[in-house]
2 protein chains.
Amino acid sequence: MADFEAKERRVMVAVDESEESMYALSWCLKNLIPPDAQTTLILLYAKPPPPVYSSLDGTGYLFASDVIATMEKYSRDLADSVMERAEAIFKNHSNIKVEKKVGSGDAREVICMTVEKFGADLLVMGSHGYGFFKRTVLGSVSDYCAKHAKCPVLIVKRPKN
Amino acid sequence: MADFEAKERRVMVAVDESEESMYALSWCLKNLIPPDAQTTLILLYAKPPPPVYSSLDGTGYLFASDVIATMEKYSRDLADSVMERAEAIFKNHSNIKVEKKVGSGDAREVICMTVEKFGADLLVMGSHGYGFFKRTVLGSVSDYCAKHAKCPVLIVKRPKN
């Protein structure tokens with residue numbers, strides 16, 4: 001009935017600043033992708049939405065343009081740093097094709113949209129929130145994606161020890 | 001860093017009366033378990049807890065013993081029928097070792113306990129509730145397991161079409 005289908009698979013891993021997302025990436029490489037597999041790994045990092053230039057901050061002050069520039073640079077550096085950490089994890093997997101994507105906005109929407117846009121067969125992510133921006137006030141990112149992503153979702157928890 | 005580890009893997013699939021859980025089993029066989037993989041598939045069915053013999057039902061009547069016997073037989077038949085449907089799905093996978101387990105009680109607790117007891121490396125399940133007993137009033141079984149199971153959890157949704 002359900003024979004294994006030998007075909008290229010597109011595995012998307014949502015990575016962020018957390019140790020947990022790096023653990024999820026590592027688990028997936030150790031356990032899901034055999035050396036002879038035809039797999040494309042899509043690494044996705046969703047950075048926070050860009051600041052709204054004309055708005056006031058919480059204390060009533062306008063952001064100065066150099067502050068905005070600094071925030072944007074910080075956001076870019078963060079994306080680079082996350083991708084570098086991810087690369088260190090999969091560098092021994094010469095058989096894997098890797099595509100890197102950086103999205104901007106609400107992590108839940110960015111992830112689900114990217115799954116659909118790039119036709120992922122499987123989405124892999126950590127279970128706890130999404131990075132230290134605490135973009136989890138509206139509920140867990142992984143809960144949301146498990147329900148709404150248009151492909152199966154693998155949620156990997158980092159063991160406590 | 002994260003080389004694929006060639007080792008036996010124990011994949012637990014939680015099955016129930018739903019088409020979705022059968023789809024999850026089928027997806028997992030087609031996409032996760034290559035023919036040469038050393039995999040033990042643990043099929044788990046959690047049946048509802050046995051009726052409490054001395055208690056009254058909702059309308060104030062005691063269950064007669066023949067009613068209880070009928071309910072128990074129904075529950076056993078249901079477990080058999082679910083396992084038979086699952087067998088039809090994996091019958092072509094001669095390389096896979098299969099263990100069948102039937103637990104009794106709250107599906108969420110049965111699943112998480114069984115993951116731990118049998119050392120599953122991966123838990124696979126459908127996303128919508130758990131069978132037609134509507135044992136989902138306290139929240140989704142898959143949400144709970146994604147948070148509490150002591151291994152990564154793969155949630156498979158059945159496509160709408």
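Since we're looking at a predicted model, the values are computed, not measured.

## Considerations on the overall build of chain A
Helix and strand content of chain A: 4 helices and 5 strands. Across the 161 residues in chain A, those meeting the buried criterion constitute 49%. Sequence separation of at least 24 residues holds for 80% of the intrachain contacts in chain A that already meet a minimum separation of 6. When the accessible surface of chain A is summed, it comes to about 8200 Å², and 56% of that surface belongs to carbon and sulfur atoms.

## Looking at helix α4 (residues 141–148) of chain B
Residues of α4(B) that are buried include every one of Val141(B), Ser142(B), Asp143(B), Cys145(B) and Ala146(B), and no others. Against the buried residues of α4(B) lie α4 (141–148) and β5 (153–156) of chain A together with α3 (107–117), β4 (122–126) and β5 (153–156) of chain B.

## Digging into the environment of Cys145(A)
Considering the arrangement of structural elements, one finds Cys145(A) in helix α4. Measuring from C-alpha to C-alpha, the distance between Cys145(A) and Val115(A) comes to 9.8 Å, with 30 residues separating the pair along the chain. With sequence-adjacent residues up to four places away left out, Cys145(A) is seen in contact with Arg108(A), Ile111(A), Cys112(A), Leu123(A), Met125(A), Val153(A) and Lys157(B).

## Some remarks on the pairing of β5(A)
Burial of the side chains of β5(A) extends over both faces: Val153(A) and Ile155(A) are buried on one face and Leu154(A) and Val156(A) on the other. Pairing between strand β4 (residues 122–126) of chain A and β5(A): 4 bridges, direction parallel. Paired with Val124(A) across the strands is Leu154(A), a residue of β5(A). With 3 bridges joining them, β5(A) and β5(B) adopt antiparallel strand pairing. In the sheet register, Ile155(A) faces β5(B), and the bridge partner there is Val153(B).

## Notes on the packing of helix α1 (residues 19–31) of chain A against helix α2 (residues 65–90) of chain A
The packing of two helices is summarised by the inter-axis angle and the distance between the axes. Residue and element names in this part refer to chain A. Where α1 meets α2, the closest approach of the two axes is 10 Å, and the angle between their N-to-C directions is 25 degrees. With respect to each other, α1 and α2 are oriented roughly parallel. α1 and α2 meet at a crossing whose hand is right-handed. Between α1, through Glu19, Met22, Leu25, Ser26 and Leu29, and α2, the contact on the second element is made entirely by Val82, Arg85, Ala86, Ile89 and Phe90.

## Examining the side chain of Lys157(B)
Relative to the helices and strands, Lys157(B) is located in the segment after β5. In this structure, Lys157(B) is buried with no salt-bridge partner, the nearest side chain bearing the opposite charge being Glu20(B) at 7.6 Å. In terms of polar contacts, Lys157(B) uses its side chain to reach the backbone carbonyl oxygen of Ala146(A), at 2.9 Å. Polar side-chain contacts of Lys157(B) include one of 3.3 Å to the backbone oxygen of Cys151(A). Excluding its chain neighbours within four sequence positions, the residues that come into contact with Lys157(B) are Cys145(A), Ala146(A), Lys147(A), Ala149(A), Cys151(A), Val153(A), Glu20(B), Tyr23(B) and Ser127(B).

## Some thoughts on the pairing of strand β2 (residues 39–47) of chain A
For β2(A), the buried fraction is high: 8 of the 9 residues fall into the buried class. After leaving strand β1 (residues 9–15) of chain A, the chain enters α1(A) and then returns to the sheet as β2(A), a path that is right-handed.

Quick notes on the rules
- Residues numbered from 1 in each chain as written.
- Chains lettered and ligands numbered in written order.
- Predicted model: local features only at pLDDT ≥ 70, side-chain atom pairs only at ≥ 80, totals over all residues.
- Heavy atoms only, no water.
- Helix = DSSP H or I, 4+ residues; strand = E, 2+ residues; numbered from the N terminus.
- Buried < 20%, exposed > 50% of the residue type's maximum accessible area, 1.4 Å probe, protein only.
- Contact = heavy atoms within 4.5 Å.
- Areas by Shrake-Rupley, 256 points an atom, 1.4 Å probe, with all protein chains shown as cover.
- Pairing = 2+ DSSP bridges.
- Axes fitted to C-alpha atoms, helices over the stretch in contact; angles between N-to-C directions.
- Parallel < 35°, antiparallel > 145°, perpendicular 65-115°, else oblique.
- Left-handed = near helix turned anticlockwise from the far one by under 90°.
- Lys, Arg positive; Asp, Glu negative; His and termini not counted.
- Salt bridge = Lys/Arg side-chain N within 4 Å of Asp/Glu carboxyl O.
- Polar contact = N/O pair within 3.5 Å; in protein donor to acceptor, adjacent residues only side chain to side chain.
- Right-handed = clockwise from strand over helix to strand, strands pointing away.

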